[in-house]
Number of protein chains: 2
Amino acid sequence: MKQIEVKLQRQNQDYSILIANSLLSNEDLINSTVKERQVCIVSNQNIYDLYAEKIKNGLKNRQIIEVILPEGEEYKNISSWGKILDAMMQNRFARDSAILALGGGVIGDLAGFAAASFQRGVAVYQVPTSLLAQVDSSIGGKTGVNHELGKNMIGAFWQPKAVLIDPEVLRTLPEREFTAGMGEVIKYGLINNLEFFKYLEENFQAINNKNPEHLAKIITTSAQAKVDIVQADEFEGGKRALLNLGHTFGHALETLGNYTLYKHGEAVAIGIRIAAELAAIEQKISDESRKRICQILTNFNLPISYQNKFQVEDIYQAMFADKKVRAGKLRLVKFREFCNCEVSADSKEKDILEAINLAK
Amino acid sequence: MKQIEVKLQRQNQDYSILIANSLLSNEDLINSTVKERQVCIVSNQNIYDLYAEKIKNGLKNRQIIEVILPEGEEYKNISSWGKILDAMMQNRFARDSAILALGGGVIGDLAGFAAASFQRGVAVYQVPTSLLAQVDSSIGGKTGVNHELGKNMIGAFWQPKAVLIDPEVLRTLPEREFTAGMGEVIKYGLINNLEFFKYLEENFQAINNKNPEHLAKIITTSAQAKVDIVQADEFEGGKRALLNLGHTFGHALETLGNYTLYKHGEAVAIGIRIAAELAAIEQKISDESRKRICQILTNFNLPISYQNKFQVEDIYQAMFADKKVRAGKLRLVKFREFCNCEVSADSKEKDILEAINLAK
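Residues numbered from 1 in each chain as written. Chains lettered and ligands numbered in written order. Predicted model: local features only at pLDDT ≥ 70, side-chain atom pairs only at ≥ 80, totals over all residues. Heavy atoms only, no water.

For the rest of this paragraph, the subject is the packing of aromatic side chains. Scanning all chains against the criterion turns up 15 aromatic pairs over all chains. Both rings, one in Tyr-262 of chain A and one in Phe-310 of chain A, keep their centres 6.5 Å apart while their planes meet at 45°; by these two values the pair is tilted. Of this pair, Tyr-262 of chain A sits in the loop between helix H9 (247–256) and helix H10 (264–281) while Phe-310 of chain A sits in the loop between helix H11 (287–299) and helix H12 (312–318), and the two are 48 residues apart along the sequence. The exposure class assigned to Phe-310 of chain A is buried, which follows from its relative accessible area of 8%. Centre to centre, the rings of Tyr-316 of chain A and Phe-320 of chain A are 5.3 Å apart; their planes meet at 85°, and the pair counts as edge-to-face. The exposure class assigned to Phe-320 of chain A is partly exposed, which follows from its relative accessible area of 22%. Ring pairs connect the aromatic residues Trp-81 and Phe-113 of chain A together with Trp-81 and Phe-113 of chain B, which therefore count as one cluster. Lys-217 of chain B extends its terminal NZ or CZ atom over the ring of Tyr-199 of chain B, reaching a point 4.8 Å from the ring centre. (Phe/Tyr/Trp six-rings, centres within 6.5 Å; stacked < 30°, edge-to-face > 60°. Helix = DSSP H or I, 4+ residues; strand = E, 2+ residues; numbered from the N terminus. Buried < 20%, exposed > 50% of the residue type's maximum accessible area, 1.4 Å probe, protein only. Lys NZ or Arg CZ within 6 Å of the ring centre and 35° of its normal.)

Examined bridge by bridge, strand S10 (residues 332–337) of chain A and strand S11 (residues 340–344) of chain A share five bridges and lie antiparallel to one another. Looking across to S11 of chain A, one finds that Phe-335 of chain A is bridged to Cys-341 of chain A. (Pairing = 2+ DSSP bridges.)

A word on the sheet that holds strand S4 (residues 63–68) of chain B. All names here are of chain B. Spatially, the seven strands line up as an open sheet ordered S1-S2-S9-S6-S5-S3-S4, and their pairing is mixed. Each end of this open sheet is capped by a strand with a single partner; those strands are strand S1 (2–6) and S4. Strand-to-strand twist in this sheet, taken as the mean axis angle between neighbours without regard to direction, amounts to 15°. Pairing between S1 and strand S2 (residues 15–19): five bridges, direction antiparallel. For Ile-4, the partnering residue across the bridge sits in S2 and is Ile-17. Of the strands in this sheet, strand S3 (38–43), S4 and strand S5 (98–103) are in contact with helix H3 (residues 78–90), which crosses S4 at around 155°. (Axes fitted to C-alpha atoms, helices over the stretch in contact; angles between N-to-C directions. Contact = heavy atoms within 4.5 Å.)

Below, the discussion takes up the interface of chain B and chain A. At the junction of the two partners, chain B supplies 35 residues and chain A supplies 37 residues. Roughly 3400 Å² is buried in total at the junction of chain B and chain A, and carbon and sulfur atoms are behind 56% of that figure. Taken together, the links from chain B to chain A amount to eight residue pairs in polar contact (both at pLDDT 80 or more). Listed by contribution, the elements that provide at least two residues to the side of chain B that touches chain A are H3, helix H4 (105–117), strand S7 (142–147) and strand S8 (150–157) of chain B. Here the side of chain B that touches chain A takes seven residues from S8 of chain B, the largest share from any one element. By residue class, the composition of the side of chain B that touches chain A is 14 nonpolar, nine polar and twelve charged. (Buried area = accessible area lost by both parts, 1.4 Å probe. Polar contact = N/O pair within 3.5 Å; in protein donor to acceptor, adjacent residues only side chain to side chain. Nonpolar A, V, L, I, M, F, W, Y, C, P; charged D, E, K, R; others polar.)

Further remarks concern the environment of Gln-283 of chain A. For Gln-283 of chain A, the position within the fold is in the loop between H10 and H11. In the structure, Gln-283 of chain A is positioned 53 residues away from Arg-336 of chain A in sequence and 9.6 Å away in space, judged by C-alpha atoms.

The next subject is the side chain of Gln-159 of chain B. Residues and elements named next belong to chain B. Inspection of the secondary structure puts Gln-159 in the loop between S8 and strand S9 (162–165). For Gln-159, the side chain forms a polar contact with the side chain of Tyr-15, separated by 3.3 Å. Polar side-chain contacts of Gln-159 include one of 3.2 Å to the side chain of Glu-234. Residues within four places of Gln-159 in sequence aside, it is in contact with Leu-8, Gln-13, Tyr-15, Val-124, Gly-140, Gly-141 and Glu-234.

In short, geometric facts, not functional conclusions.
Next comes the structure, spelled out in structure tokens:
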């Protein structure tokens, strides 16, 4: 078993990320990790049917309730969050109770925000079942729901008590979900890890075939990369924003597609491609590097162009809803050089528009 | 001007409480304290009409929006919270925007929770206009809304960037609101400050007459007392629970009265009287001390008996909804001796029932 320790500013919030094949069948581990007497499992029906029984076998002598939410980003809203709180209130859950998030990024974000706000905060355990959630969203304490006018606009920083990752569950993950998760994995290479980028270039076939050794490797490397950045900047004052490479473009596409057209990782992939185009325009990276970025996205079956019904100007305008906007200025994660990113507000509008146009 | 510094675990969350007569007319102070460019003022119509103009005069060159909420505890709910978030989204408020809570405890709690959750947290300035809010609810970072099944059940710990207190605004406060606030002021004496208790005994007439010097004194002493406890125990692991003297009984009365019959401070006053009765029964305080407690509550025009339509057993049962209940056990703030309290779960049921009965 791999174990990554996360050390935070408030020391009583330190926690562990445990990564092991068949972890969900390890009853003793689950029983000893979850300390609370009352546990609310939040999940989707699909995932619940596959894995809840295993987890419940580990949770001996607990008062367990379940909140099964419909699947999809469109249900990541205040109404779903309210359902979790209602269930906990109706079952007289106390301040020393816990929520266990069993699912992908949507479930983790919803359950995390419910845990952050129930009685001003109860424990949450993240059990991510999608690649995206395993390498990104379950780690770092960002929780929240969407507002009809913007993604992730309502939420809290709320750290989990533990993150339990079983790479084996990826075998039952729909192919498109796996692909979308790879968008975030590639991102870690591009931000600051050339070696990992090369590893992904060389091993894309084995990874696409879900070779267990390679899956454990990419999850562990990605989780560690995220932890390193979160530890340095828990509340996104600076460095943490690097994790948003491709995200400002991506969020705009998600918004224009009403959160249903693109999966998050797909929109991020197109966003990474736009960032690469911008970097090439600004001569930060060579044309060869730009092509390598497009190629790796393609090798992992990710899209690198948006549907041409979207207008360049509309995408540009939608970017201003981004949380990194400060004093009306667009701040982007940009390539300083290949596999080395920074946050900057110095791009010209015409270059940004051109980069968006090139990804049509 | 009195200035109280609040030092917290996360050092970037330290803040100041500023207390001065006519503070709201001090344009320079307001302009330099509120650093953000976008400010959402949350208030009730009444208070807004009285004081918003002054504050807006201080906020030069800001984008200011206003959310005016209906008055009353029954509006401290998810719907009101959502209205604040909607307004900020519609006006494209960014992560470096701020909320300014101008009002009593309900406004402060609602605006504070909106600030805690908008884009995972923006600045909030508390400008409390009721005595209760000035001495208690605006300080310490507890924010939240009520759930239909329980009070303050949804919320967050979220510290203000500053608390601005102008004792002069109490002159326009309805008499019953002032009286209710005195319930919390007296509490600080009873918890651990005999000297302050004696001061209140000796000066009750001047305080009831709203002598400005005495008002500034009781607000400053109360705010400092709250800060001392919050600094020692920000997240209510232990000592902070002392602030709930009289509150477990009080919350039960508020619940039975549907949150409309009693104001919070009135219910707390009756709760303090019950705590005094319990302490006398358990021989922790003398009968003379018990009488002094009843007398001071009466001198400040607070109730010391509940309406006799309520049954002792119903009050007792309603107490179990309290957030301090652990593993089904009632934990109460009790007198160790006169003006010296502790949290304890060792009272006998029959003694508690008798104490409740004596306050009929």
